[in-house]
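Breakdown of the fold
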Amino acid sequence: MILVTGASGALAGLVLDRLRAAEAAGGPEVVAGTRAPAPGSGQRRVDFDDPASLAESFAGVDVLVFVSAGYAEDDVVMDRHGAVVDAAAAAGVRHVIYTSLAGSGERITLSVAHRWTEERLAKAPFATTVLRNGLYAEIPAVLALAAAAAPPAVTGVFGAPFGDGRVSVVAREDLADVTAKVALEAHAEPGRHAGRTYELEGVETLHGDDIAAALTDALGRPVRYEPTPLGPAREVLAAGGQLPYQIGHTVSFFANHRAGWLTADRSDLPELLDNPPRPVRPLVVAAVEGAGAH
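In what follows, the accompanying structure is described. Bear in mind that the values here come from a model prediction, so they are computed numbers and not experimental data.

A closer look at the sheet that holds strand 9 (residues 167-170)
One open sheet holds the 3 strands; their spatial order is 7-9-11, and the pairing between them is mixed. Strands at the two margins of the open sheet, each flanked by one partner only, are strand 7 (135-136) and strand 11 (204-206). Alignment of strand 7 against strand 9, held across 2 bridges, turns out to be parallel. Paired with L135 across the two strands is V169, which belongs to strand 9.

Here's the deal with the packing of helix 8 (residues 208-219) against helix 12 (residues 281-289)
Two elements in contact, helix 8 and helix 12, have axes whose closest approach is 9 Å; the angle formed by their N-to-C orientations is 65 degrees. In the packing of helix 8 onto helix 12, the handedness of the crossing is right-handed. Between helix 8 and helix 12, the contacting residues are I211, A213, A214, L215, D217 and A218 on the first element and R281, V284, V285, V288 and E289 on the second. Partitioned by chemical class, the residues of the contact of helix 8 with helix 12 number 8 nonpolar, no polar and 3 charged.

Brief notes about the packing of aromatic side chains
Inspection of the entire model under this criterion finds 7 aromatic pairs. Between F162 and F254, the ring centres sit 5.9 Å apart and the planes meet at 55 degrees, which makes this aromatic pair tilted. Separated by 92 residues along the polypeptide, F162 in the loop between strand 8 (157-160) and strand 9 and F254 in helix 10 (residues 244-259) bring together distant segments of the chain. F162 gets classed as buried once you look at its relative accessible area, which sits at 0%. Between the aromatic rings of F253 and F254, the centroid separation amounts to 5.9 Å while the plane-to-plane angle is 55 degrees, which identifies the pairing as tilted. Taken individually, F253 and F254 each receive the classification buried, so the pair is uniform in this respect.

Considering the pattern of salt bridges
Applying the stated criterion to the full structure yields 21 salt bridges. Among the salt bridges present, the one from D50 reaches R45, with a minimum N-O distance of 3.0 Å. In this structure D50 comes out as partly exposed when scored by relative accessible area, which is 26%. Accessibility expressed as a relative area gives 36% for R45, which makes it partly exposed. A salt bridge links E199 to R132, with the shortest nitrogen-to-oxygen separation between them at 2.9 Å. In this pair, E199 is assigned in strand 10 (residues 196-200) and R132 in strand 6 (residues 127-133), connecting sequence segments 67 residues apart. The same class applies to E199 and to R132, which are both buried. Each of R35, R45, D47, D49, D50 and R80 takes part in a single network of salt bridges with overlapping partners.

Basis of the calculations
Every chain begins its residue count from 1, and numbering advances along the sequence as written. Whole-chain, interface and lining totals are the exception, using all residues; otherwise, since this is a predicted model, local features are given only for residues with pLDDT of at least 70 and side-chain atom pairs are given and counted only at 80 or more. Side-chain numbers come from the whole structure's heavy atoms, not from hydrogens or water. Strands are treated as partners if at least two bridges between them are detected by DSSP. Numbering goes from the N terminus for both helices and strands, where a helix is a DSSP run of H or I of at least four residues and a strand is a run of E of at least two. Structural elements are reduced to axes, namely lines fitted to C-alpha atoms, with helices fitted over the stretch in contact, and the angle between N-to-C directions of any two is expressed from 0 to 180 degrees. Crossing handedness follows the turn of the near helix against the far one: under a right angle anticlockwise gives a left-handed crossing, and clockwise gives a right-handed one. Here, residues are in contact when the closest pair of their heavy atoms is within 4.5 Å. Each residue gets one label: Ala, Val, Leu, Ile, Met, Phe, Trp, Tyr, Cys and Pro are nonpolar, Asp, Glu, Lys and Arg are charged, and the others, such as Gly, are polar. Aromatic pairs are defined between Phe, Tyr and Trp rings, using the six-membered ring for Trp, whenever the two ring centres lie within 6.5 Å; interplanar angles under 30 degrees are classed as stacked, those over 60 as edge-to-face, and all others as tilted. Burial status follows relative accessibility: with a 1.4 Å probe on protein chains alone, a residue under 20% of its type maximum counts as buried, one over 50% as exposed, and anything between as partly exposed. Each salt bridge in this description consists of a side-chain nitrogen of Lys or Arg and a carboxyl oxygen of Asp or Glu lying within 4 Å of one another.

Shown next, in the form of structure tokens:
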């Protein structure tokens, strides 16, 4: 049996779609884990904030696809992830596949809980595979628009604290393809992918000018990129209701982007995909159309 945590999330949902297609074609049983399972759905309750329940939730699971729960302060995330590792060991799970953060994001604050979790998994009694996921293609644009003082549709300017930096980005669908493939292969061949860490970095990079071009497509009018300082971005994020830890992670991302530290040196993505990586420009255009650009 393969169980995927965080079934209500976007990445986990895509992974489940692929695994269920394989199940329908004669593959292994697939179960969705979620905090609030729907009655009669066959889903299992997997609540990282209820550690005592997790071992029972993982009973009979051969391969656990452990989708990270990073939407909280770091100490809360580490407590949740530690509980998952302990429960997987207690339940006798054979192989855990963890979705972590790519190496290009090593300096951003979001990496702390991910690297801590990787260390915990390395000491666990089961086989592990770490999928270091690159940043989703839509993230730079969505974060910048949330921190913008005025919408580009009004000003004709995409202001963002990116400096002249570039960032490696990837299609979420590509990450789902790799995750499902690794899970199926790990289930079919015990030991396959065990002890491996894969860098699933995007093979394309984005500059502020690229996002401005996507906004031009989305809005149907010229938009140019203009670098902005970090301080006002922090103030806009706070005024918009973001929590302190969210602001901290976002500003850390901006600072790393500006420093030019978010580009990948290498990627295992192409060799793990059955098809070439998806182009990211259409994903950025779709993201800015729904992220307050108007």
